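Architecture and fold: a report
Given next are the chains, with one letter for each unit.
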Protein chains: 2
Amino acid sequence: MDKKSIGPSTLLFPTPAVLVGSEVDGKANFMAVAWCGIAASTPPAISVAIRGQRHTLKGIAEHRSFSVNIASAQMAKKVDYCGMYSGSSRDKSKLFSTFRGKLGGAPLIDECPVNLECKVIHQLELGSHVLVVGEIVESYVSSDCWDAQKKKVIPEKIDPLIYTGASQVYQRLGEIVGKAFHEGKELSL
Amino acid sequence: MDKKSIGPSTLLFPTPAVLVGSEVDGKANFMAVAWCGIAASTPPAISVAIRGQRHTLKGIAEHRSFSVNIASAQMAKKVDYCGMYSGSSRDKSKLFSTFRGKLGGAPLIDECPVNLECKVIHQLELGSHVLVVGEIVESYVSSDCWDAQKKKVIPEKIDPLIYTGASQVYQRLGEIVGKAFHEGKELSL
């Protein structure tokens, strides 16, 4: 084993580059988030780590809801913009065309291929960040990313944006290296 | 807007294919996990969603620690194996060569390029899954993935495995589409 201890770190790969939508002081606001994960399936839930002083937390506190919008690779510029500037200094409400879902408490982004509408069910204070856990009450998919026959999304059409923090770049999904629930059968143990 | 409501779902992109290590009944055990996200930076923390009846939860309950091992693309077969079979029916303790970290409560995988050693700080019961939040007490990086001059990991060397649940395939990181904290400046708003 040739390993190096580098101290506590946040080195997870891959991480997404989603846009978390909220309504803050009556305005739509969007934050770029890489620290996000699915938390449960029944009911579906998602966790989003948000730094304590973030503008988005104000909106979440007020409306108890938020949206997670999957950005596609072609949206890198806008996602980066949302990651660079706070809603407290820049008005991001005109950056996207939006719609409202069932809850109505948070804006959802039209041009994002997948939108998850969330109701806050837990907030964990974790030092630098608040881990906001939301129940996903509805999902919206752009029609061109939906296979109506198979009733499934089409990942290649979604073309999701990936944020690789270690090298500070945005990436696409790459080469397929295996089929799940299949490769493992070939291991003879 | 041409959107389709498809009901509550767990559609997040991308998701990782990490191996969560634990010690269960005195044996090393490894579980494939896609539902995982960084939860905070100071101190560094990570969340992992684990279905309630999982073998891994027994080990976590006993030792209050676990490891998150970033798999590389060439490990797809072994990761898939860990995802297909439970440690209650298959002995996975010989699947990898392992080492122990600071806490000693969970095995870490040698051949994984990045290993995060975690101490449990929260467990949220979320219906189908328990969201286990761990403080990352130490990180280990394989020497060939570490740039000693820049004191940074090299993502291309890590070559992390991605699990795309919607199409049940494993993928690599793909094309770089932009530089973070840079692209956004070009937007004139």
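A quick note: this is a predicted structure, and the numbers were derived from the prediction, not measured.

Turning to the environment of Ser143(B), a few remarks are in order. Within the fold, Ser143(B) resides in the loop between strand E11 (129-142) and strand E12 (146-147). Here the alpha-carbon distance between Ser143(B) and Ala17(B), two residues 126 residues apart in the chain, equals 21 Å. Sequence-distant contacts of Ser143(B), that is, excluding residues within four places in its chain, are made with Asp2(A), Lys3(A) and Lys4(A).

The strand order across the open sheet formed by six strands is E2(A)-E14(A)-E15(A)-E15(B)-E14(B)-E2(B), and the pairing between neighbours is antiparallel. The sheet is open, and its two edges are formed by strand E2 (15-16) of chain A together with strand E2 (15-16) of chain B, each paired on a single side. Judged from the seven bridges that link them, strand E15 (residues 169-179) of chain A and strand E15 (residues 169-179) of chain B form a sheet pairing that is antiparallel. Across the sheet, residue Ile176(A) finds its bridge partner in E15(B), namely Gln171(B).

As a further point, take the relation of the copies chain B and chain A. For the pair chain B and chain A, the relating rotation is 180 degrees, the translation along its axis is 0.0 Å, and the fit reaches an RMSD of 0.0 Å. On this basis, the relationship between the two copies can be described by a two-fold rotation axis. Minimal C-alpha separation from the rotation axis in chain B is found for Gly174(B), amounting to 1.8 Å. When you check the interface residues of chain B against chain A, 100% turn up at the interface there too, and the contact is symmetric in its surfaces.

Moving on, we get to the interface of chain B and chain A. Size of an interface: often given as the accessible area lost when the parts come together. Contacts between the two partners involve 89 residues from chain B, matched on the other side by 89 residues from chain A. In terms of residue count, E15(B) provides more of the side of chain B that touches chain A than any other element does, 11 residues in total. The class makeup of the residues in the side of chain B that touches chain A is 50 nonpolar, 25 polar and 14 charged.

Moving on, we come to helix H1 (residues 55-63) of chain B. All names here are of chain B. Three or more residues of H1 are buried, namely Thr56, Leu57, Gly59 and Ile60. Taken end-on, H1 shows its buried residues confined to a sector of 160 degrees, consistent with a single buried face. Residues of H1 that are buried make contact with strand E3 (18-24), strand E4 (27-33), strand E6 (44-51), strand E7 (65-70), strand E10 (114-126) and E11.

Moving on to the nonpolar core. Counting 122 residues, the largest nonpolar core has Leu19(A), Ile46(A), Leu19(B) and Ile46(B) as the members making the most contacts within it. Aside from chain neighbours lying at most four places away, what touches Ile46(A) is Cys36(A), Ile38(A), Ala39(A), Val68(A), Leu116(A), Cys118(A), Gly134(A), Ile136(A) and Leu12(B).

Further remarks concern helix H1 (residues 55-63) of chain A. All names here are of chain A. Within the sequence span of H1, burial applies to His55, Thr56, Leu57, Gly59 and Ile60. In the core, the buried residues of H1 are packed alongside strand E3 (18-24), strand E4 (27-33), strand E6 (44-51), strand E7 (65-70), strand E10 (114-126) and strand E11 (129-142). Arg64 lies just past H1 and shows a positive phi near 55 degrees.

Take the pairing of E3(B) next. All names here are of chain B. Extensive coverage of E3 is indicated by the burial of seven of its seven residues. Here E3 shows two buried faces, one formed by Val18, Val20, Ser22 and Val24 and the other by Leu19, Gly21 and Glu23. The pairing of E3 with E4 spans seven bridges and is antiparallel. Bridging across to E4, Gly21 finds its partner in Phe30. Counting the residues in the hairpin turn of E3 and E4 gives two residues, including Asp25, whose phi is positive at 50 degrees. Judged from the three bridges that link them, E3 and E7 form a sheet pairing that is antiparallel. Note that in E7 the partner of Gly21 across the bridge is Ser67.

With that settled, consider unusual backbone geometry. Along the chain, Phe13(A) connects to Pro14(A) via a cis peptide bond; the corresponding omega equals -10 degrees. Along the polypeptide, Pro14(A) turns up in the loop between strand E1 (3-5) and E2. Omega for the bond connecting Thr42(B) with Pro43(B) falls within 30 degrees of zero, at -5 degrees, which places this linkage in the cis form. Mapped onto the secondary structure, Pro43(B) falls in the loop between strand E5 (36-41) and E6. With phi around 55 degrees, Arg64(B) is a residue other than glycine that occupies positive phi space. The residue Arg64(B) is located in the loop between H1 and E7 in this model. On the neighbour-count criterion, Arg64(B) (16 C-beta atoms within 10 Å) is partly exposed.

The rules behind the values
- Residues numbered from 1 in each chain as written.
- Chains lettered and ligands numbered in written order.
- Predicted model: local features only at pLDDT ≥ 70, side-chain atom pairs only at ≥ 80, totals over all residues.
- Helix = DSSP H or I, 4+ residues; strand = E, 2+ residues; numbered from the N terminus.
- Contact = placed C-beta atoms within 7 Å.
- Pairing = 2+ DSSP bridges.
- Least-squares fit on C-alpha atoms with pLDDT ≥ 70 in both.
- Nonpolar A, V, L, I, M, F, W, Y, C, P; charged D, E, K, R; others polar.
- Buried ≥ 20, exposed ≤ 12 C-beta atoms within 10 Å, placed from the backbone.
- Arc of directions from axis to C-beta.
- Core = buried A, V, L, I, M, F, W, Y, C linked by C-beta atoms within 7 Å.

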